[in-house]
Amino acid sequence: HDVIKLAKYRIEFIADGIRPLTGAALSPAALQPAPAVIEVLNGSNAGKRLALTKPHTSLGRSGVQVVVISRTVAGYAAAHTEGERVPLLNGMALGAQPQPLVDGDMIDLSGTRMAFRMN
């Protein structure tokens, strides 16, 4: 009867057999964060939207400045993965360690401003 609580999930170990489900079973879709997009705010691509449907989405130009947005069960996170120029997240330098993203966060890649939007 050990109980593990993980975010909004509760896992209970029952050693005496199979216990019937009392609630709805979790589907793989329930373990994914809500869909999100990156919206370009300025420049020649202003208004374009990129759906974040893959586990990892790269933004930027290889060798210059690259940010990777990762999609996990915990949500979305951004990290600077390549290039000497440091991108900005909400006006602050974005490092190599993934930073959680929330709706409305602003990403600046070499002057191109983008918004992270939850759908």
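All figures in this text were calculated on a predicted structure; none of them were measured in a lab.

Trainee: I would appreciate a short explanation of the overall build of the chain in the present structure.
Mentor: When helices and strands are tallied, the chain shows zero helices and twelve strands. Going residue by residue from the N terminus, the α and β elements of the chain occur as β-β-β-β-β-β-β-β-β-β-β-β. Put simply, the chain has 119 residues, and 27% of those count as buried. Put simply, the chain shows about 8,100 Å² of open surface, and 57% of that area lies on carbon and sulfur atoms.

Trainee: Honestly, the layout of surface pockets in this entry has me stumped. Any pointers?
Mentor: In this approach a probe as big as a water molecule rolls over the atoms, and the regions it shows empty are the leftover space. For the second largest pocket, the calculated volume is near 170 Å³. Lining the second largest pocket are Ile38, Val40, Asn42, Gly43, Ser44, Asn45, Lys48, Arg49, Leu50, Leu59, Thr112 and Met114. At the level of elements, β3 (36–40), β4 (49–51) and β12 (112–118) are the ones that each hand at least two residues to the lining of the second largest pocket. Classifying every residue of the lining of the second largest pocket by side-chain character gives five nonpolar, five polar and two charged.

Trainee: Could you clarify how one ought to interpret the pairing of β12 in this entry?
Mentor: If a strand is regular, its side chains alternate between the two faces of the sheet. Both β3 and β12 contribute to a ladder of five bridges, which runs antiparallel. Opposite Val40, over in β12, you have Met114 as the bridge partner. As paired strands, strand β11 (residues 106–109) and β12 are joined by four bridges and run antiparallel to one another. From the neighbouring strand, Leu109 faces β12, where its bridge partner is Thr112. Connecting the antiparallel pair β11 and β12 is a turn made up of two residues, with Ser110 showing a positive phi of about 50°.

Trainee: Is there a simple way to explain the environment of Gly60 in this structure?
Mentor: Along the chain, Gly60 falls in strand β5 (residues 56–61). With a relative accessible area of 59%, Gly60 lands in the exposed category. In this structure the C-alpha to C-alpha distance between Gly60 and Thr112, which are 52 residues apart in sequence, comes to 9.4 Å. When residues no more than four places from it in sequence are discounted, the contact partners of Gly60 are Gln65 and Leu109.

Cut-offs applied
Residues numbered from 1 in each chain as written. Predicted model: local features only at pLDDT ≥ 70, side-chain atom pairs only at ≥ 80, totals over all residues. Heavy atoms only, no water. Helix = DSSP H or I, 4+ residues; strand = E, 2+ residues; numbered from the N terminus. Buried < 20%, exposed > 50% of the residue type's maximum accessible area, 1.4 Å probe, protein only. Areas by Shrake-Rupley, 256 points an atom, 1.4 Å probe, with all protein chains shown as cover. 1 Å grid on protein atoms, 1.4 Å probe; cavity = no way out; pocket = protein on both sides within 12 Å on 5 of 7 lines; lining within 4 Å. Points joined across faces, edges and corners; volume = space filled by probe spheres on them. Nonpolar A, V, L, I, M, F, W, Y, C, P; charged D, E, K, R; others polar. Pairing = 2+ DSSP bridges. Contact = heavy atoms within 4.5 Å.

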